[in-house]
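Residues per chain, in single letters:
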Amino acid sequence: MLHISSQVAIPDSEIDLHAMRSQGAGGQNVNKVSSAIHLQFDISASSLPQFYKEALRKLQDNRISKEGVITIKAQQYRSQERNREDALTRLSALIQSVAIPRKKRRATKPTKGSKQRRLERKTKRGELKTLRRTLE
């Protein structure tokens, strides 16, 4: 069981973990040992509450496919077990990030003073540029 919060947990049967060979440097160990973990989690087929499912689908994250499958590849560590823990931790962090409610942005107008300062800076800059011109 992967615990997301005190009320939400994901059973291990809903998470697909596959071991594969890591990429990059690592010498002969990389060619022999399948230490990287490829994690897949289907959002729509999961037992997550509807709130989490909708929020995850709305996320603009390259780890989430159009079909609603989260794919995480963990190959940072040399051991398969540490990569498995890393992948599960990253999945948990992604799901937990959705649970935090975002503040709605309120549109504001610039103050009168800030408008005035901006215009003064623009006129000073324009005067400086006119002084650079060649005299004929």
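It should be emphasised that the depicted structure is a prediction, and the values quoted were computed from it without experimental measurement. (Residues numbered from 1 in each chain as written. Predicted model: local features only at pLDDT ≥ 70, side-chain atom pairs only at ≥ 80, totals over all residues. Heavy atoms only, no water.)

Overview of the overall build of the protein
To be explicit about the condition: A run of DSSP states H or I qualifies as a helix once it reaches four residues; a run of E qualifies as a strand once it reaches two. Both are numbered from the N-terminal end. We compute the radius of gyration over the C-alpha atoms and compare it with the globule rule, which gives 2.2 Å times the number of residues raised to the power 0.38. Accessible area is worked out with a 1.4 Å probe on protein chains only. A residue is then buried under 20% of its type maximum, exposed over 50%, and partly exposed in between. Any two residues having at least one pair of non-hydrogen atoms within 4.5 Å are treated as being in contact. Per-residue and other accessible areas follow the Shrake-Rupley method at a 1.4 Å probe size, with only the shown protein chains counted as cover for residues. Charge assignment in this entry is limited to Lys and Arg as positive and Asp and Glu as negative, and neither His nor the chain termini are counted. A charge is said to be at NZ when it belongs to Lys, at CZ for Arg, at CG for Asp and at CD for Glu.
Each helix and strand in the protein was counted, giving four helices and five strands. The secondary structure elements of the protein, listed N-terminal to C-terminal, are β-β-β-α-β-α-β-α-α. Scaling as 2.2 N^0.38, a compact globule of 136 residues should have a C-alpha radius of gyration of about 14 Å, whereas the protein reaches 26 Å, well beyond that. For the protein, the spread of C-alpha atoms along the principal axes amounts to about 80 × 45 × 25 Å. Within the protein, the fraction of its 136 residues that count as buried is 25%. Long-range contacts, defined here as pairs at least 24 residues apart, represent 57% of the contacts in the protein between residues at least 6 apart. Element-wise, carbon and sulfur atoms account for 50% of the exposed surface of the protein, whose accessible area totals about 10,600 Å². In the protein, 29 positive and 13 negative side-chain charges are present, and the distance between their average locations comes to 13 Å.

Quick notes on the nonpolar core
Defined as follows: Nine residue types can take part in a nonpolar core, namely buried Ala, Val, Leu, Ile, Met, Phe, Trp, Tyr and Cys, and a core is a set of them joined through side-chain atoms within 4.5 Å.
With 22 residues, the main nonpolar core has Ile10, Phe41, Leu48, Leu56, Ile70, Leu91 and Ile95 as its most contacted residues. Looking at this core element by element, the count peaks at five residues for helix H3 (residues 80–99).

Remarks on the pairing of strand S4 (residues 36–42)
A regular strand places its side chains on the two faces of the sheet in alternate fashion. What counts is decided by this rule: Paired strands are those between which DSSP finds at least two bridges.
Note that strand S3 (residues 15–20) and S4 share six bridges and pair antiparallel. By the bridge assignment for S4, His18 is matched with His38. As judged from the six bridges shared by S4 and strand S5 (residues 69–74), these two strands associate in the antiparallel manner. When the sheet's bridge partners are listed, Ile37 is paired in S5 with Ala74.

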